[in-house]
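Analysis of the macromolecular model
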Number of protein chains: 2
Amino acid sequence: MPDSTPIKDAAASSPYARLEQRFRRLNALSEAQEVLHWDMSTVMPRGGHEARAEQLAELAAVHHALLTGAETGDLIAAATAETDNLNDWQRANLREITRRYVKATALSEDLVTRLSRAASACEAVWRDARAANDFKAVEPYVAELLVLVREKARAKADVLGLSLYDALLADYEPGGRSAEIDAVFGELEAFLPDFLGEVLEHQARGPGAVLPAGPFPEEKQKALGRRFMEMLGFDFHHGRLDVSLHPFCGGTPDDVRITTRYDESDFTSALMGVLHETGHAMYERGLPKDWRGQPVGHALGMSVHESQSLLVEMQVCRSRTFLDFAAPVMRETFGGEGPAWEADNLFRLYTKVERSFIRVDADEVTYPAHVILRYRLEKALIEGDMEIPDLPGAWNDGMERLLGILPPTDTLGCLQDIHWYDGAWGYFPTYTLGAMTAAQLYAAARNQNPEIEPAIGRGDFAPLMAWLRANVHGKGSFETARDLLIAATGEPLNPKVFENHLRTRYLAP
Amino acid sequence: MPDSTPIKDAAASSPYARLEQRFRRLNALSEAQEVLHWDMSTVMPRGGHEARAEQLAELAAVHHALLTGAETGDLIAAATAETDNLNDWQRANLREITRRYVKATALSEDLVTRLSRAASACEAVWRDARAANDFKAVEPYVAELLVLVREKARAKADVLGLSLYDALLADYEPGGRSAEIDAVFGELEAFLPDFLGEVLEHQARGPGAVLPAGPFPEEKQKALGRRFMEMLGFDFHHGRLDVSLHPFCGGTPDDVRITTRYDESDFTSALMGVLHETGHAMYERGLPKDWRGQPVGHALGMSVHESQSLLVEMQVCRSRTFLDFAAPVMRETFGGEGPAWEADNLFRLYTKVERSFIRVDADEVTYPAHVILRYRLEKALIEGDMEIPDLPGAWNDGMERLLGILPPTDTLGCLQDIHWYDGAWGYFPTYTLGAMTAAQLYAAARNQNPEIEPAIGRGDFAPLMAWLRANVHGKGSFETARDLLIAATGEPLNPKVFENHLRTRYLAP
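So, how was this worked out
- Residues numbered from 1 in each chain as written.
- Chains lettered and ligands numbered in written order.
- Predicted model: local features only at pLDDT ≥ 70, side-chain atom pairs only at ≥ 80, totals over all residues.
- Helix = DSSP H or I, 4+ residues; strand = E, 2+ residues; numbered from the N terminus.
- Rg over C-alpha atoms; globule rule 2.2 N^0.38 Å.
- Buried ≥ 20, exposed ≤ 12 C-beta atoms within 10 Å, placed from the backbone.
- Expected span 1.5 Å × (residues − 1).
- Contact = placed C-beta atoms within 7 Å.
- Domains from an automatic or database assignment.
- Nonpolar A, V, L, I, M, F, W, Y, C, P; charged D, E, K, R; others polar.
- Pairing = 2+ DSSP bridges.
- Axes fitted to C-alpha atoms, helices over the stretch in contact; angles between N-to-C directions.
- Least-squares fit on C-alpha atoms with pLDDT ≥ 70 in both.
- pLDDT = per-residue confidence, 0-100.
- Parallel < 35°, antiparallel > 145°, perpendicular 65-115°, else oblique.
- Left-handed = near helix turned anticlockwise from the far one by under 90°.
- Bend = angle between axes of the 7 residues up to and from the residue.

With that out of the way, let us pick up the overall build of chain A. What chain A contains, in helices and strands, is 21 helices and 3 strands. A compact globule built from 509 residues should have a C-alpha radius of gyration of about 23 Å, and chain A, at 23 Å, falls within 12% of that. Dimensions of chain A along its principal axes, counting C-alpha atoms only, are 70 × 50 × 50 Å. The 509 residues of chain A split such that 44% are buried.

Shown next as structure tokens:
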């Protein structure tokens, strides 16, 4: 919890106080952008697209000008010279303010514009190329984009004193280092192929999972999702559940909006999606209220954010403990009957493992392989050890090596994800860092409070959420992900904890 | 229709071109504010209020800074010196740009802040005072607000060379003059009391109106509303229909969003509300596309905007011609039966006249009396001929004189409307100016194209909308409301046309 509150008086004139005032304004602008994005993804009629793009571009321009204005740099310099007057949270806030300023000023406006244009052009071509399984069509666009991404990496690496890859990673994972990722991914990579074989054999010996028979009306799915959300502590006075093509968690900490997409023939996927996004939402809601709108009050990087959704979804809601409680609730909601509604079967369904081509559909066991593949490839591409024309071949080789399957098309291979074609290089590892972080946090939480798991078995998430507020949510960006993890669990990221979780869940007799 | 398009090239360097660029940015910021307002009124959870207020305040601050920046004034001066190079639309755009700049710079920032605070404080007290019928409670607040409103009027009057009242009116009705309003309202005021007596007598002699019996499920009401909206030409690719406590038309010209509020025991009010807001929406959609985002491409003042909603609602949709077509559609939608569903009865229902206390519930005949009362009172208050403590008495005197009824409480009297307590002084006359403008435009349209009314009798609004696009919507702010009316109808505002409409509709045998 914060040990002091930010200075609210705008007239206060210390450089630090004026920085807080400036970043409160920047935050209001960012929040306005968030709301416009939510609107665009959920309710905006398609004909509003052009005007919305102009609104967002103008807000981005205003935000950038305010953030990178000379006054920001002057205030940072002056505040940094007076840190003796600041307490720990204020110092952490100044550190985060500085990080944002340095990041924003590392790139020339010209490069930002060229990158944005190249990414838009590439993404548009990619949509068709993916549909048509035509990597050649998008190849020149993504190659051109990569040139600019490398240029961006070089510019940021110089300013930040980081390697090329780490300079890009910093956009998503502040303080993240590829040396550490290499170590934990290397460990996982050694563990996974054999383990996967064992799991598949184990599951083949057991009974198969049966999908409950529908239809499952959207209204009932929504009511069930809301019921579980409330159980998790989601406050509809400060948030919403809506529908969008791609589920996400958006909005602002005091107005958190999650979305899902319903399939009336199968409720299981939308429901788990809602629980996943609720994990993100609880993080946003639990951020330190006294530091709302200040950089130190914001969520940490993507791996911690993803750890909160995966802790709720993967660690808790796909567990046998929770499903014992949830199975009858699901059955009653839909008026279901028969063995498909037993907790045994629902657990098998929610923990089914398969070798498959598409990352977003992958299960918990095979997912890291998808991520490790992408991490290795993007690192080689960014560092110049590989070029775009080699991508499809390298992708397919990696899939054979890591998962033992060969994608029949690039649509099912290197064309499947938007990230590279949209300019989001350096993002991929955060998914699996998040999964490992989730396992480690949940293990520590249960260790420290043995009431957490039995309570979940009764649908009571309060003990878990209290632990998360104290150890994760309420800390905002006060410390790095690494330090947060050490404080909460006693050690930095340790892939063994994740492996133990997988072994316990997937090889139980 | 515009005879030329604005200059799109941002690099173009004439002062006029740079002004266009600057106002395109201002427009994007205004549109973002519009979307945030829509969100706040329709879907935002209540707990998001504080953060939203900060977002809106920051956008207002950024907008104000960009609009009133010294560069805007310099560019206006330079562009004004070179108008020979501009065509008619560009010149009209420069005129609108100048008007906005002068308006925004007429008031000191200090006065704007004091006004905004006083209005917020007064409005909050007013909500409770209205509920408690306690004018005394709000009296000091509205008195203090009036002091600042007068100060605002003086400041603007000096800069604009207008009377105190006209200086405030200019915020809502550019080019509007109280001398003209006095003339037309005086004429109406002479006509209405006797006419109202005749109408009430006439209606008392005829059969009464019967409300069709419900319930009317919200989904069916919505489907009916959407069907009529589409008939009017509303394009759901560029707009939405939603629910809010107070119906409004918001959004932006390419993403127009109207709202309504459903009562499952009576569909007639929500339906007419939808048609009213659709009139506003069609105006926004029909604004000159080539001038999107430029001041000359925006809607004219409030009286023309209100004329478009009232033309659709009052002139067309409450007409016997339209109701002959619509009655069977309504009946089929709700599976209704019996005489309540006859066009005769629905027409009586939709044209029922009554002396009543509340403006927003008033019918077409008594509505102007409510507006004239408010206009006279606010003019006297602004010009210092009356003070706040005299308001309740003056209100009640006016109601007796104009409508022959005495409000039993201030809640049903001078506390009913938000406008004065929220700082919107000078707004009221535009409602009745809009009603008169609607009558005059519709009479001219039917005169010029005799196909318009028979087409409406078949549910075909295309001829009417084509006329409105050519004579109103497509003109944006190219000319003043007065000139637009003269061009479209051959004369300035003439209350006789409105009176004829009322006579024809309400005293028909």
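Residues and elements named next belong to chain B. The terminal C-alpha atoms of helix α14 (residues 367-382), which comprises 16 residues, lie 23 Å apart, in line with the 22 Å expected from a rise of 1.5 Å per residue. Counting buried residues in α14 gives 12 out of 16 residues, a clear majority hidden from the surface. The set of residues buried in α14 consists of Pro368, Ala369, His370, Val371, Ile372, Leu373, Arg374, Tyr375, Glu378, Lys379, Leu381 and Ile382. For α14, the secondary structure elements touched by its buried residues are α6 (135-160), α7 (164-169), α8 (178-205), α15 (391-403), α16 (419-422) and α17 (429-448). A positive backbone phi angle near 85° is found at Gly384, which sits one or two residues after α14.

Before going further, it helps to examine the domain arrangement of chain A. By a frequent convention, interface size equals the accessible area lost on bringing the separate parts together. Per the domain assignment, the segments making up chain A are domain 1 (1-106), domain 2 (107-209 + 353-440 + 494-509) and domain 3 (218-351 + 457-492). Placing a centre on the C-alpha atoms of domain 1 of chain A and another on those of domain 2 of chain A gives a separation of 30 Å.

A word on the interface of chain B and chain A. In this complex, chain B contributes 29 residues to the contact, which on the side of chain A involves 29 residues. Where the side of chain B that touches chain A is concerned, the elements lending two or more residues are α1 (15-42), α2 (49-68) and β1 (239-243) of chain B. It is α1(B) that contributes the most residues to the side of chain B that touches chain A, 8 residues altogether. Looking at side-chain class alone, the side of chain B that touches chain A contains 12 nonpolar, 7 polar and 10 charged residues.

Residue and element names in this part refer to chain B. Strand order in this open sheet of 3 strands is β1-β3-β2, and the pairing throughout is mixed. Edge strands, defined here as strands with exactly one partner in the open sheet, are β1 and β2 (249-252). Along the sheet, successive strands turn relative to each other by an average axial angle of 20°, direction set aside. Across 5 bridges, the pairing between β1 and strand β3 (residues 255-260) is parallel. Bridge assignment links Arg240 to a residue of β3, and that residue is Arg257. Contacts from α1 reach β1, β2 and β3 within the one sheet, and its direction differs from that of β2 by about 140°.

Residues and elements named next belong to chain B. Across the 6 residues of β3, 6 count as buried, placing the element largely inside the fold. Covered by surrounding structure in β3 are Asp255, Arg257 and Thr259 together with Val256, Ile258 and Thr260, the residues of both alternating faces. Summarising the sheet, β2 and β3 pair through 4 bridges and their orientation is antiparallel. Paired with Gly251 across the strands is Val256, a residue of β3. Between β2 and β3, which pair antiparallel and follow one another directly, the connecting turn spans 2 residues.

A separate point is the relation of the copies chain B and chain A. Once chain B is rotated about the relating axis by 180° and shifted along it by 0.0 Å, it coincides with chain A to within an RMSD of 0.0 Å. Interpreted geometrically, this transformation is the action of a two-fold axis. Comparing contact sets, 100% of the residues at the interface of chain B also lie at the interface in chain A, consistent with an isologous, same-surface contact.

A separate point is the environment of B:Thr252. Mapped onto the elements, B:Thr252 comes out in strand β2. The spacing of B:Thr252 and B:Thr42 is 210 residues in sequence and 16 Å in space, taken between C-alpha atoms. Discounting chain neighbours no more than four positions away, the residues touching B:Thr252 are A:Ala51, B:Glu31 and B:Glu34.

Before going further, it helps to spend a moment on the sheet that holds strand β1 (residues 239-243) of chain A. Residues and elements named next belong to chain A. Spatially, 3 strands are ordered β1-β3-β2 in an open sheet, and the strand pairing comes out mixed. Two strands bound the open sheet, and with one partner strand each, they are β1 and β2 (249-252). Averaged over all adjacent pairs, the angle separating strand axes in this sheet is 20°, with direction ignored.

All names here are of chain A. When pLDDT is averaged along chain A, the result is 95; 98% of the residues meet or exceed 70. Here residues 1-5 scores under 50 on pLDDT; set against residues more than four positions off or in separate chains, the count is 13 contacts. With a pTM of 0.92, the predicted complex shows an ipTM of 0.92.

Residues and elements named next belong to chain B. Two elements in contact, α8 and helix α21 (residues 495-506), have axes separated by 11 Å at closest approach and are oriented at 5°. The angle between α8 and α21 falls in the class roughly parallel. Contacts between α8 and α21 pair Val184, Glu187, Leu188, Phe191, Phe195, Val199 and His202 from the former with Pro495, Glu499, Leu502 and Tyr506 from the latter. Along the lines of polarity and charge, the residues of the contact of α8 with α21 split into 8 nonpolar, 1 polar and 2 charged.

On to the environment of A:Ala362, then. Residues and elements named next belong to chain A. Position of Ala362 relative to the elements: it lies in the loop between α13 (343-350) and α14 (367-382). When the 19 C-beta atoms within 10 Å are taken as the criterion, Ala362 is described as partly exposed. On a C-alpha basis, the gap between Ala362 and Lys352 in space is 9.8 Å, while along the polypeptide they are 10 residues apart.

Residues and elements named next belong to chain B. At their nearest, the axes of helix α3 (residues 70-80) and helix α4 (residues 88-106) sit 11 Å apart, and the two run at 145° to each other. The element α3 and its partner α4 pack so that their crossing is left-handed. On α4, the residues that touch Thr72, Gly73, Ile76, Ala79 and Thr80 of α3 are Leu94, Ile97, Thr98 and Tyr101. Class assignment of the residues belonging to the contact of α3 with α4 gives a composition of 5 nonpolar, 4 polar and no charged.

Residues and elements named next belong to chain A. Of note, the amide linkage connecting Gly214 to Pro215 takes the cis form, showing an omega dihedral of 0°. Topologically, Pro215 is positioned in the loop between α8 (178-205) and α9 (218-232). Even without being glycine, Asn133 reaches a positive phi, approximately 50°. When you line up the elements, Asn133 lands in the loop between α5 (109-132) and α6 (135-160).

Here the focus is helix α12 (residues 320-334) of chain A. Residues and elements named next belong to chain A. Compared with the 21 Å implied by 1.5 Å per residue over 15 residues, the 21 Å span of α12 between its first and last C-alpha is a close match. The largest bend along α12 reaches roughly 35° and is located at Ala326, with the proline Pro328 sitting one to four residues downstream. Listing the buried residues of α12 in full gives Phe322, Leu323, Ala326 and Met330. Taken together, the buried residues of α12 touch α9, α11 (302-317), α13 and α18 (452-456). Of the residues one or two after α12, Gly335 is the one with positive phi, at around 60°.

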